[in-house]
Amino acid sequence: MIYMDNAATTGLSERAFEAMRPYMMENFANAAGTYSFAAKSSAAMERARGQIAKVIGAKANEIFFTSGGTESDNWALKGVVEANAAKGRHIIISAIEHHAILHSADALKKQGCEVTVMPVDADGLVDPKTVEAAIRPDTVLISIMAANNEIGTVQPLEEIGEIAHRHGVIFHTDAVQAFGHIPLDVDKMHIDLLSASAHKFHGPKGVGILYIRRGTKIAVFMDGGAQEKRRRAGTSNVPGIVGMGEAAQAAMEEMETAMPAVAALRDYMIARIEKEIPFVKVNGHREKRLPGNVNVCFRFIEGEGMLMLLDAAGICASSGSACTSGSLDPSHVLLAIGLPHEIAHGSLRLSIGENTTREQADEVIEQLKVIIPRLRSMSPLYEDFVRTQA
């Protein structure tokens, strides 16, 4: 098997697993207990909180554990709107946000909240000037993702954060794809809220964080016990939290060496695909891009057939977000950057990681060189195109 869907999830690292193991077996106590046995779990959680905070330049007491990126995004949007209702009920998001943001915004609209959706350019970039122009006296939140999960474009967070800060608007970023892969600094980027999920950087599934800058007005998201300083109830997932902390520390330690190598392999793959397969379009910004993201559209084919043939060849890939992989509709991200439906339907996302080899990359491209012509040979659109070119 060749795994090229790291944007959907990554494998759990041995380092994270070994850190988790004691808290699954012998140190199994509920961290909320008052006895010394529980103190081991509580101390492990606090260590993980510090490990995670260090990656983004935050304070440990500003890290709040959740079940993952989706919960963190929901908490950020809904919690800010609820807590700041006296100021207003207007928020700003971008057109290419993850569905956890888009659907949270839709839910808020049903409750009377007004949502302004920022367009993006052909590379998927949000223009900070348009964000500033959209701010109103009743704007309580700007939520712009750090990097797109489909096309990999990295947003100008520092500029947008400075604008939000200057206008007194809370700034949230969905950093699920970016955390552990590119540098993030919550102070430099003026970020008030940040979402991250452990399984995107070799941590376990089912655990994430919401960074909440001290003093940020946000409502309690889950009622119940006193966990997470009474802001997010529920028995703490100690093994998951420990694994996330260890994976975060590993990602930070290895970022300067691992990510340039991943980016070099990404560029190698894009160059080969463009050179060796005709009628292909690369999606996303060429330079402002996640290290491991390769996103292309092949004209005159359906992405579903391509993924099935890749799977038959032992290759795991995606046509977009894993959260919408069952949908037959073209990606909202690709439509937002201006692609017509017929081209957007032929999209392929290859997301590589630190363990992806040059040999694997070459094998995937060789398979595509067989699969794409095969699919095009069955396409009436391609036949018509060839006929018109003759």
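## Thoughts on the packing of aromatic side chains
Applying the stated criterion to the full structure yields nine aromatic pairs. Between Trp75 and Phe221, the aromatic rings sit 6.3 Å apart at their centres with planes inclined by 20°, giving stacked as the arrangement. Here Trp75, found in helix α3 (residues 69-83), pairs with Phe221, found in the loop between β8 (208-212) and α7 (227-230); they are 146 residues apart in sequence, far enough to count as distant. Across from the ring centre of Tyr268, 3.8 Å away, lies the NZ or CZ of Arg358, which sits over that ring. Between Arg376 and the ring centre of Tyr382, over which it is positioned, the NZ or CZ distance is 5.9 Å.

## Digging into the pattern of salt bridges
Summed over the entire model, instances satisfying the criterion amount to 22 salt bridges. The salt bridge partner of Glu246 is Arg47, with a shortest N-O separation of 3.4 Å. On the criterion of sequence distance, the pair formed by Glu246 in helix α8 (residues 238-276) and Arg47 in helix α2 (residues 36-56) is long-range, its members being 199 residues apart. The exposure class of Glu246 is buried, given its relative accessible area of 12%. Here Asp138 and Arg136 are joined by a salt bridge, their closest N and O atoms 2.9 Å apart. On the accessibility criterion, Asp138 (23% relative accessible area) is partly exposed.

## Examining unusual backbone geometry
A positive phi angle, close to 50°, is found at Glu228, a residue other than glycine. A positive phi angle is found at Phe279, which is not glycine, with a value near 55°. Relative accessible area serves as the criterion here: at 31%, Phe279 is assigned to the partly exposed category.

## Comments concerning the nonpolar core
Residues Ile56, Ile142, Phe179, Leu184 and Leu194 are the most contacted members of the largest nonpolar core, which totals 64 residues. Here this core gets seven residues from one element, more than from any other, and that element is α2. Excluding anything up to four places from it in sequence, Leu184 contacts Val55, Ile56, Gly57, Ala146, Leu157, Ala175, Ala178, Phe179, Met189 and Leu194.

## A look at the packing of α2 against α8
With their axes 8 Å apart at the nearest point, α2 and α8 run at an angle of 30° to one another. Between α2 and α8, the angle is such that the two are roughly parallel. As for how α2 packs across α8, the hand of that crossing is left-handed. From α2, Ser41, Ala44, Met45, Arg47, Ala48, Gln51, Ile52, Lys54 and Val55 reach across to α8, where they touch Val238, Ile241, Val242, Met244, Gly245, Glu246, Ala248, Gln249 and Met252. The residue makeup of the contact of α2 with α8, split by class, is 11 nonpolar, four polar and three charged.

Rules used in this analysis
- Residues numbered from 1 in each chain as written.
- Predicted model: local features only at pLDDT ≥ 70, side-chain atom pairs only at ≥ 80, totals over all residues.
- Heavy atoms only, no water.
- Phe/Tyr/Trp six-rings, centres within 6.5 Å; stacked < 30°, edge-to-face > 60°.
- Helix = DSSP H or I, 4+ residues; strand = E, 2+ residues; numbered from the N terminus.
- Lys NZ or Arg CZ within 6 Å of the ring centre and 35° of its normal.
- Salt bridge = Lys/Arg side-chain N within 4 Å of Asp/Glu carboxyl O.
- Buried < 20%, exposed > 50% of the residue type's maximum accessible area, 1.4 Å probe, protein only.
- Core = buried A, V, L, I, M, F, W, Y, C linked by side-chain atoms within 4.5 Å.
- Contact = heavy atoms within 4.5 Å.
- Axes fitted to C-alpha atoms, helices over the stretch in contact; angles between N-to-C directions.
- Parallel < 35°, antiparallel > 145°, perpendicular 65-115°, else oblique.
- Left-handed = near helix turned anticlockwise from the far one by under 90°.
- Nonpolar A, V, L, I, M, F, W, Y, C, P; charged D, E, K, R; others polar.

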